[in-house]
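The lines below spell out each chain.
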Amino acid sequence: MKKIIYFIAAGLAMSLSSCVSLDTPPMDSDTDLTFWTKPSAAEQTVNSCYQYMEDAGTVLYADAASDNAYCKVQNIIQAIGNGSYSTGDSYIKSYWDNRYTGIKLCNRLTDNIDKIVGMEEGLRNRCIGEAKCIRAYHYFQLVSRFGDVPYFTSVLPIADAGTIARTPKAEVIKNILQELDEAAAVLPASYSGDDQGRFTKWAAIALKARIQLYEGNWAEVETLTNDIINSGAFKLFGSYEGLFESVNKRNQEVILDVEYAPMLREQSLQYNFIPPTLGGYAQLVPLQELVDSYIMLNGKSISESGSGFDSGNEFADRDPRLAATICYTGNSYNLAGGKTQTIDCSRNASPDGLGFSSNCSPSGYYFKKYWDKDFNTNNNLASGMNIYLIRYADVLLMNAEAAAEQGKLTNAVWSKTIRPIRERAGFTEASALDFPSASGSELINIVRNERRCELAFEGLRMGDIYRWKTAEKVLSGWCHGAWTGETVNADNGYIQVERRQFDASRHYLWAIPQQERDLNSALTQNPNW
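Residues numbered from 1 in each chain as written. Predicted model: local features only at pLDDT ≥ 70, side-chain atom pairs only at ≥ 80, totals over all residues. Heavy atoms only, no water.

1. What about the overall build of the protein?
Of the regular secondary structure elements, the protein holds 22 helices and 11 strands. For 529 residues, the compact-globule estimate of 2.2 N^0.38 gives 24 Å, and the C-alpha radius of gyration of the protein, at 23 Å, lies within 12% of that figure. The buried share of the protein, taken over its 529 residues, is 58%. If you take every contact in the protein between residues at least 6 apart in sequence, the share linking residues at least 24 apart comes to 70%. (Helix = DSSP H or I, 4+ residues; strand = E, 2+ residues; numbered from the N terminus. Rg over C-alpha atoms; globule rule 2.2 N^0.38 Å. Buried < 20%, exposed > 50% of the residue type's maximum accessible area, 1.4 Å probe, protein only. Contact = heavy atoms within 4.5 Å.)

Here is the structure:
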C-alpha cells in the first residue's frame, strides 16, 4: 500500500494530467531509451496505474446519478441523475478522459516491460497481471456507460488516435474477461507489508464476476462467486458501522479498494456530505427513496401489511444499516475521544435543519457512511480512509442474485449469503433471518433491495438500475426529501427535491463526448443523442 501511495502522492513525471484525450502524445519525459533500463521502471509504472483506476469522488458521488442521492451542485454528476446532460457535458468528458488516461498508462507498461533486462520473472508477470486488471477495470467502466468504445492494448500513435473506431461492446467484454483470466493465473492470492492494496488473484476473479453480473450471465456469476466463497479467503467484518471506520479499513472483508493514508494521500470529501455542525457543506445528500428502502426489523418492507411501520416514528425498529448510513433527526455522529454529536435536521433548526442555510442538506438527511472521526484537522477534514470497490458482502449478494435469477435461490443459498449479511447488520428476528416464503420475482426483488441497502453510497446503484432496466421507473418524476407535513412543494408531506426525467430511448447509454468526436471522425454517436 505504501509503495502505491508514495508514487501516487509524488505525481511521477511519467504520469499524465487527469484530463488527457485519446490523441495525447506518448509520455517521454524520461524517454523510453533511458526509463526502461531502470530495474524499478515496472513497479513505478504499475504503481502509477493505480492513480487513475478510481478515486473517492468518482465512487461517492456516483449515487447522485441514481435514486439514492442528490447533489446540489449541478456541474458535477447531477445532470446525469436528472436527465438534463448533453453531448457536451463536462462530467462525461472528464470521465472518458480519465479512463483512457489510465488505459494508456497500463498500455505503456505492457508495451515496454520486456525491455527491462534481468527482471525477476515472477515480478514481471505480476506487474503485467496488475496492469491487465486495471486496464480491464477501466474498459468495464467505459462499456457499462458508453456501450461500444475504442479498444486497444498498446499505446496509440497520434495518427491512429484520431481515426480509431468504436469496438463492439461484446468484443471488449470478451477481451477483458480473457485478460482477467490471464492475470488471475499469475497474481498472488494475497499480499503483505507495503504491497497490500494491489490487485490479487481474488480481486481479478471478483471483478470478472461483477462484469458477468452486468452481462446477466448468471451461471458464470454463480461459479465465480462460489469460488471466492469456498476459498475461505474472506469473511464479513463483525460490525457494519465499524466496517467504514478508518481504524478498520484493512479488514478481512475487503477484496479491492482505493488506498489512502494519513498525510501521504488523503481525500477531502467529508466536507461535502456532513452537516454544518461538523464543518460540512452537505453537497451530496440521501433521498427519501433510499430511506424508504430499509426494511423493518421483522423483515417486512415499510409498506407491507403487518410491518408495524409507524409514520409518526418512522425510524423505529428499522434495519440497523439505516442509522449507520444516514443521519436523520435524533441520529448522531461518533467523534474522537468517545464523544457523539446528535443532529437536528428538522425544518429551520439551527445549524443543521432543512432550509436553515445553504450549507444544510436540501433533503433533510445527511450521509454517515465513510464519516472519519479521526480526520486531519490541519487539512479541511481530510481522511485517510480507504474507499471500497469490491468487498465480500458484494460477492455474497452477487451469488444470491445469480441464484434468484436462475430460480435456484434455496434455503441453503440464502443461509450462506443473505442471512449472514443481515446477522452482521444486527437483525435478530427469525422472520428477517429465515428464508422467506416467496418465489420468482418476489425473491429477485428481495435480493435487489438487500443489495441497495447494504451497498448504498458505494457507487453501485446507478449500474444496478441500468442493468435491471428499472431506471426509467425510479428516475422519473420528483425525488423527495424528509417529511415536513408541508403542502407547498411537497408530495404527501415529503418535500420535493428535484424533478427528474429518464429517457429510456437514450439514457441507458451516455453520450459519446462531442469534443472526442470533433477530434476523431470515426467515433459514432449513441442512439438518439
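2. Structural notes on the nonpolar core
Among the nonpolar cores identified, the biggest contains 158 residues, and Tyr139, Phe199 and Trp510 are the most heavily contacted of them. If you tally residues by element for this core, the top one is helix H7 (residues 121-146), at 12 residues. Beyond its immediate chain neighbours, meaning those up to four positions away, Tyr139 contacts Tyr100, Ile103, Val149, Pro150, Tyr151, Phe152, Val172 and Ile176. Membership of the second largest hydrophobic core comes to 5 residues, among which are Ile295, Ala425, Phe427 and Ala432. (Core = buried A, V, L, I, M, F, W, Y, C linked by side-chain atoms within 4.5 Å.)

3. Section: the sheet that holds strand S9 (residues 477-483)
As summarised here, the arrangement of the 3 strands in space is S9-S11-S10, forming an open sheet in which the pairing is antiparallel. Both edges of this open sheet fall to S9 and strand S10 (490-491), since each of them pairs with a single strand only. Across 5 bridges, S9 lies against strand S11 (residues 494-500) in antiparallel orientation. Looking at S11, one finds that His480 is bridged to Gln496. (Pairing = 2+ DSSP bridges.)

4. A few points about the side chain of Thr225
On the secondary structure map, Thr225 appears in helix H11 (residues 218-231). Classification of Thr225 as buried rests on a relative accessible area of 0%. A distance of 2.6 Å separates a polar atom in the side chain of Thr225 from the backbone oxygen of Val221. (Polar contact = N/O pair within 3.5 Å; in protein donor to acceptor, adjacent residues only side chain to side chain.)

5. Some remarks on the confidence of the model for the protein
Taken over all residues, the pLDDT of the protein has a mean of 93, while the share at 70 or more is 94%. With pLDDT under 50 throughout, residues 9-21 is counted as low confidence; its partners more than four residues away or in other chains account for 33 contacts. (pLDDT = per-residue confidence, 0-100.)

6. Observations regarding the side chain of Arg391
In this structure, Arg391 sits in strand S8 (residues 387-391). Here Arg391 falls in the buried class, since its relative accessible area comes to 2%. Among the polar contacts listed, one links the side chain of Arg391 to the side chain of Glu253, at a separation of 2.7 Å. For Arg391, the residues in contact, after removing those within four places along its chain, are Tyr240, Leu243, Phe244, Glu253, Ile255, Lys369, Arg424, Glu454, Leu455 and Glu458.

7. Digging into the packing of helix H9 (residues 169-186) against helix H10 (residues 201-215)
Taken N-terminus to C-terminus, the directions of H9 and H10 make an angle of 160°; their axes are 9 Å apart at the nearest point. Classified by the interaxial angle, the pair formed by H9 and H10 is roughly antiparallel. Between H9 and H10 lies a crossing of left-handed hand. Within the contact between the two elements, H9 uses Lys169, Ile173, Ile176, Leu177, Leu180, Asp181 and Ala184 and H10 uses Lys201, Ala204, Ile205, Leu207, Lys208, Ile211, Gln212 and Glu215. Each residue belonging to the contact of H9 with H10 can be placed in one class, and the counts come to 9 nonpolar, 1 polar and 5 charged. (Axes fitted to C-alpha atoms, helices over the stretch in contact; angles between N-to-C directions. Parallel < 35°, antiparallel > 145°, perpendicular 65-115°, else oblique. Left-handed = near helix turned anticlockwise from the far one by under 90°. Nonpolar A, V, L, I, M, F, W, Y, C, P; charged D, E, K, R; others polar.)

8. Some points on the packing of aromatic side chains
Applying the stated criterion across every chain yields a total of 27 aromatic pairs. Each ring, one from Trp96 and one from Tyr100, has its centre 5.1 Å from the other, and the planes form 55°; the classification is tilted. Of this pair, Trp96 and Tyr100 both sit in helix H6 (residues 90-112), separated by 4 residues, roughly a single helical turn. The residues Trp96 and Tyr100 share a single accessibility class, namely buried. Plain terms: the ring middles of Tyr100 and Tyr139 are 6.4 Å apart, the flat faces sit at 80° to each other, and that makes the pair edge-to-face. (Phe/Tyr/Trp six-rings, centres within 6.5 Å; stacked < 30°, edge-to-face > 60°.)

9. Details of the pattern of salt bridges
All told, the structure shown has 40 salt bridges when counted by the stated rule. With a closest N to O distance of 2.8 Å, Arg467 and Glu401 form a salt bridge. Within this pair, whereas Arg467 is found in helix H20 (residues 461-467), its partner Glu401 is found in helix H15 (residues 392-405), the two being separated by 66 residues in sequence. Of the two residues, Arg467 and Glu401, both sit in the buried class. (Salt bridge = Lys/Arg side-chain N within 4 Å of Asp/Glu carboxyl O.)

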